[in-house]
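If you want the building blocks of each chain, they are given just below.
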Amino acid sequence: MRIIKPVADFPANSTIRTGFVPTMGALHEGHISLIKRSRSENDRTVVSIFVNPTQFGPNEDLSKYPRPFERDCEMASEAGADIVFAPSVEDVYKENSSKIQVPHVTELYEGAHRPGHFDGVATIVAKLFNIVTPNTAYFGEKDLQQCAVVTKLVEDLNFRIKIIFCDTIRENDGLAKSSRNAYLNEHDRLLAPCLHQALIQAKDDLLNGKKSSLTLKEQIEFLKSNSFNVDYFDLVDRSTMHPIRELNDNASLIVAAKLGTTRLIDNVRVIG
């Protein structure tokens, strides 16, 4: 496996079919599943490790984000990555760099709670796509709104890249795998699975005909009773990331909540 750091050292366009897994490092089983899938479907798999400063807000501590680089490289290699691309911030962002804004799907939820976050996501994804020039890129569905942003970005800017979204990988107790789970203390880690439990209960209630307004209210109260500070819990159309009140084929439940100092997000499809 090769480790490439300067952008200028990344190999030029190739006829080799390339799969790409963009990450911010601190790899876990969710990332590994993406790498393995890319490995099975492509001739070459590239994994980027880049903690992107432009998607962190002023109240989010960029300096505390975990950076176990050597461990990440070892895990990526064992999963089948051919190249780890780990550029520096200075190499990616020049002075007064351009940025990309993706409208509509970024208006609510994470976009509202983390102003500028999706500008940073869209900009770095576009930059990495242009550098790596993959045939296929792989993302996990845990960050559902990010999936909608990437989909619209690729469509609007005519990237000739196939995007594949893969199922969320979970702990045995249902908690979605996330680099941020490491921030949970022992007590909060025991409570954290309530987030997924609330989503599953809400899904069951909706499929059994309960009104969405009542279902959402009940599960927000359930989370509050288990020490969560809920930012949002809603039923959305996952292609637009706008709220809906009646089920359709794109219906998903989404949630974001703080447990102690750790902010967790999750989602489930209601139909399909």
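Structural data are supplied above this passage.
Per chain, residues are indexed from 1 in the order of the written sequence. Note on the predicted model: pLDDT of at least 70 is required for a residue's local features to be given, and 80 or more for side-chain atom pairs to be given and counted; whole-chain, interface and lining totals, by contrast, use all residues. The side-chain numbers reported here are obtained from all heavy atoms of the structure, hydrogens and water having been left aside.

Caption draft 1: Spotlight on the side chain of Thr18. The way it works is that DSSP assigns letters per residue, a run of H or I at least four long becomes a helix, a run of E at least two long becomes a strand, and they are numbered from the N terminus. Within the fold, Thr18 resides in strand S2 (residues 18–23). Among residues more than four places away in sequence, those in contact with Thr18 are Asn42, Arg44, Val46, Val132, Pro134, Asn135 and Thr136. Throughout, a contact is declared for two residues whenever any of their heavy atoms are within 4.5 Å.

Caption draft 2: Spotlight on the packing of aromatic side chains. Between 30 and 60 degrees the pair is tilted, below 30 it is stacked and above 60 it is edge-to-face, where a pair is any two Phe, Tyr or Trp rings, Trp via its six-membered ring, whose centres lie within 6.5 Å. Summed over the entire model, instances satisfying the criterion amount to 7 aromatic pairs. Seen from their ring centres, Phe50 and Tyr93 are 6.4 Å apart, and the 40° between their planes marks the pair as tilted. Here Tyr93 lies in the loop between helix H3 (89–92) and helix H4 (110–113) and Phe50 lies in the loop between strand S3 (44–49) and helix H2 (69–79), a separation of 43 residues in the sequence. Three exposure classes are used, based on accessible area relative to the maximum for each residue type with a 1.4 Å probe and protein chains only: buried under 20%, partly exposed in between, and exposed over 50%. Residue class for Phe50 comes out buried when judged on its relative accessible area of 5%. Here the aromatic rings of Phe56 and Tyr65 are separated by 5.9 Å at their centres, their planes lie at 85°, and the arrangement is edge-to-face.

Caption draft 3: Geometry of the packing of helix H5 (residues 117–132) against helix H6 (residues 144–156). The axes are straight lines fitted to the C-alpha atoms, using for helices just the contacting stretch, and the angles between their N-to-C directions are given from 0 to 180°. Put simply, H5 and H6 touch, their axes get as near as 10 Å, and they point 50° apart. Between H5 and H6, the angle falls in the class oblique. For the element pair H5 and H6, the recorded crossing hand is right-handed. Seen from H5, the contacting residues are Phe118, Val121, Ala122, Val125, Ala126 and Phe129; seen from H6, they are Gln145, Gln146, Val149, Leu153 and Val154. Classification convention: Asp, Glu, Lys, Arg as charged; Ala, Val, Leu, Ile, Met, Phe, Trp, Tyr, Cys, Pro as nonpolar; all other residues, Gly among them, as polar. Its residues assigned to classes, the contact of H5 with H6 comprises 9 nonpolar, 2 polar and no charged. The cut-offs work like this: below 35 degrees is roughly parallel, past 145 is roughly antiparallel, 65 to 115 is roughly perpendicular, and the gaps in between are oblique. In this scheme the crossing of two helices becomes right-handed for a clockwise turn of the near helix relative to the far one and left-handed for an anticlockwise turn of less than a right angle.

Caption draft 4: Region of the structure containing H6. Between its terminal C-alpha atoms H6 stretches 18 Å, which fits the 18 Å expected from 13 residues at 1.5 Å a residue. Of the residues making up H6, those classed as buried are Leu144, Gln145, Gln146, Cys147, Ala148, Val149, Val150, Leu153 and Val154. Tucked inside the fold, the buried residues of H6 contact H4, H5, strand S5 (136–140), strand S6 (162–166), strand S9 (251–259) and strand S10 (262–269). Two residues or fewer after H6 comes Asn158, characterised by a positive phi angle close to 60°. Each helix should span, by expectation, one fewer than its residue count multiplied by 1.5 Å.

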